[in-house]
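The residues making up each chain are set out below.
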Amino acid sequence: MSTSWIPGHKAQLAILKAFAQFIKRAIGLFEPTNDDEIWETLPFEEFESYCRKIYEFSEGKRLCQKDHIERARRVMESGVEELTLCHAGVFNQALPIIVDGDVKAVLMYGQLWAVGNDCCAEARERHERTIARLRQTENDELELRVYYDEIKRFSANDLDTLNQQLSLLQHSYYEMLSEEQARIKQADGIIHELQIRLQPILAEAENLYYDLRRTSIECPAVESLSPVAKELLNSVLMLRTLVRNFGNFMPEDYQFKTCSVGGLIERAITVYGSEAKRKRVAISPQLEGLPKVELSRDHLQEAINNLVHNAIKYSFSGASDHYRYVEIDGEVVKSDYKLTFSNYGVGILPEELDRIFEPGYKGELTRKEYRSGAGMGLAIAKEIIERHQGTIEARSVKTDGDAYVNTFIVRLPLEQAKGEKYEDCMD
Amino acid sequence: MKIAWIDDDIEVIRSVVKPLEQDGHQIIPIRTVQQALDSEDLHTCALILMDVILPPGCDKDFGYYSGTSLLRMLREEHKIMTPVIVFSVTDRSKVEERLASWNVADYVRKPALPSELKEVVDAVLAAQGNSGDGGSPTPELL
């Protein structure tokens, strides 16, 4: 069964399953995206006995699948509904689902006998040929004959009614899908345009910042512009993150290359530097060695961004006379690079330490303190780190008053293991 | 070093290569597929930066991503083996498979910081044994 389209098609799956159960027929769907596979809803045990028997023979199963695909492709091309015989003398229905003139899919159901159909004689001939081809024992032949006569009967009216109902269902689904796809395309277009327009702003902001830092001109105007330029750059970087996240920036494929972890930490600090400054939180990276690690840069950047942002967000604010610290330590430990993110602030209760990596989960103390966010950052970070064959763990130790020292420890292998899992990541 | 930059938006986003120019690299702008095919500079430059979405737009082989067709022609027909960095707003997963046969050194997604682009360019040039002339220090933390 093709998996490429299942996410997001759960409603369709549920409806078709219910329909299959109601009419007790196997329903299959052929879409351009699932090419050589026909997707079926009824469990095999509920197939017609005749069809189940044929499937016992590998040749029989192969002929059935070949038959279905050929029928589906034919109807995909012609756009014309077909009630045809399979190789074994069973009737099958194929309905094109047409939206805006395009055949979106072919819906098929069958394993039936069409009462009074012109092809009934030919059906019996095919049945006889099937027996001759597949039978290995007398019992096989007996079962095939008995089961064939037990195939459920449908009149022409029955079939018309079913076809109308199924077509309506599928047509509505694909119309809705088309509208959704049009909206996504429009949103994609806007994101695309935003990213293009953001490029000169981002470039000019960084260039201005570094030009002001490097200038030898000393005057009040330059001095007052420097923090403004830094703020501008940070804001534009935040905007880039927002635009990318909105556009589901994260590519599906992990692309592993040897890169410096230090660069990723630097960028995360750059992005959230303004927020840290506002809270009077100083970020103190102590990265030893800074080895090159085999990582998927864009993905791990996202994970590190989330960890740094969390550390800042849940840190208590400093005061005018003293700063709070977020510490980021890195060191090589055997064959791993160990990163530690620590802060002093809102804690995590002991019983929640495993749960905080669940999507959407926000700790009890976090809720009490209220910090904005969807509770997804740590779940995403964990998934990304695990895709790097790494680990992440959390610790939270109560100190004085309501304060906790929170520590997130990430271990990343310096090299990806060249096993099956590695190849999965490289797809 | 000479760096050829193939992009139809160069005038708008020129500032992204400022650190590279400060490092002494000469940026050669090329704005269309045809200009790229006619350019002598592609034979002598140390690196090519290119977008995959280029005029004239739709390509019969690669649809929207006519830059991928250009890269194929540069490699196969013009025998240009200069390292290429794809610098585009397009997500790399959408084009990487198409480009897999033609030796792309790296991808940088727009919008990129000038320092991000410089880091990747420096790395690719270093790997080729072509460092920049002098080179500005790695950007400090803000």
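See the structure shown above.
Novice: Help me out: how do you make sense of the pattern of salt bridges in this one?
Specialist: Residue and element names in this part refer to chain A. By the definition in use, this model includes 33 salt bridges over all chains. Here E143 and K53 are joined by a salt bridge, their closest N and O atoms 2.7 Å apart. On the criterion of sequence distance, the pair formed by E143 in helix α5 (residues 138-149) and K53 in helix α2 (residues 49-56) is long-range, its members being 90 residues apart. Relative accessible area serves as the criterion here: at 22%, E143 is assigned to the partly exposed category. For K53, a relative accessible area of 4% gives the class buried. Across the pair E193 and R197 runs a salt bridge whose closest N-O atoms are separated by 3.0 Å. In this pair, E193 and R197 both sit in helix α6 (residues 156-214), 4 residues apart, roughly one turn of the helix. Of the residues examined, E193 reaches a relative accessible area of 36% and is grouped as partly exposed. R197 gets classed as partly exposed once you look at its relative accessible area, which sits at 47%.

Novice: Looking at this structure, how should I read the interface of chain B and chain A?
Specialist: Where the parts come together, the accessible area they lose is often given as the size of the interface. Contact with chain B, which involves 33 residues of that partner, is made by 33 residues of chain A. Taken together, both faces of the contact between chain B and chain A bury some 3100 Å²; the carbon and sulfur share is 52%. Across the contact surface, chain B and chain A share 5 salt bridges. For K18(B), the salt bridge goes to D211(A), with nearest N and O atoms at 2.4 Å. At the surface where chain B touches chain A, the tally comes to 9 residue pairs in polar contact (both at pLDDT 80 or more). In terms of residues, the side of chain B that touches chain A owes the most to one element, helix α7 (residues 114-128) of chain B, which gives 5 residues.

Novice: Explain the sheet that holds strand β10 (residues 324-333) of chain A here, please?
Specialist: Sheets are built from strands paired through backbone hydrogen bonds, the pairs being either parallel or antiparallel. Residue and element names in this part refer to chain A. Read across the open sheet, the 5 strands follow the order β8-β10-β11-β13-β12; overall the sheet is mixed. The sheet is open, and its two edges are formed by β8 (281-287) and β12 (391-398), each paired on a single side. Direction aside, the axes of adjacent strands within the sheet are offset by 15 degrees on average. Against the sheet, helix α9 (residues 297-313) touches β8, β10, β11 (336-345), β12 and β13 (404-413), its axis set at about 25 degrees to β11. Seen against the sheet, helix α11 (residues 377-387) touches β12 and β13 and runs at an angle of roughly 25 degrees to β13.

What counts as what
Residues numbered from 1 in each chain as written. Chains lettered and ligands numbered in written order. Predicted model: local features only at pLDDT ≥ 70, side-chain atom pairs only at ≥ 80, totals over all residues. Heavy atoms only, no water. Salt bridge = Lys/Arg side-chain N within 4 Å of Asp/Glu carboxyl O. Helix = DSSP H or I, 4+ residues; strand = E, 2+ residues; numbered from the N terminus. Buried < 20%, exposed > 50% of the residue type's maximum accessible area, 1.4 Å probe, protein only. Contact = heavy atoms within 4.5 Å. Buried area = accessible area lost by both parts, 1.4 Å probe. Polar contact = N/O pair within 3.5 Å; in protein donor to acceptor, adjacent residues only side chain to side chain. Pairing = 2+ DSSP bridges. Axes fitted to C-alpha atoms, helices over the stretch in contact; angles between N-to-C directions.

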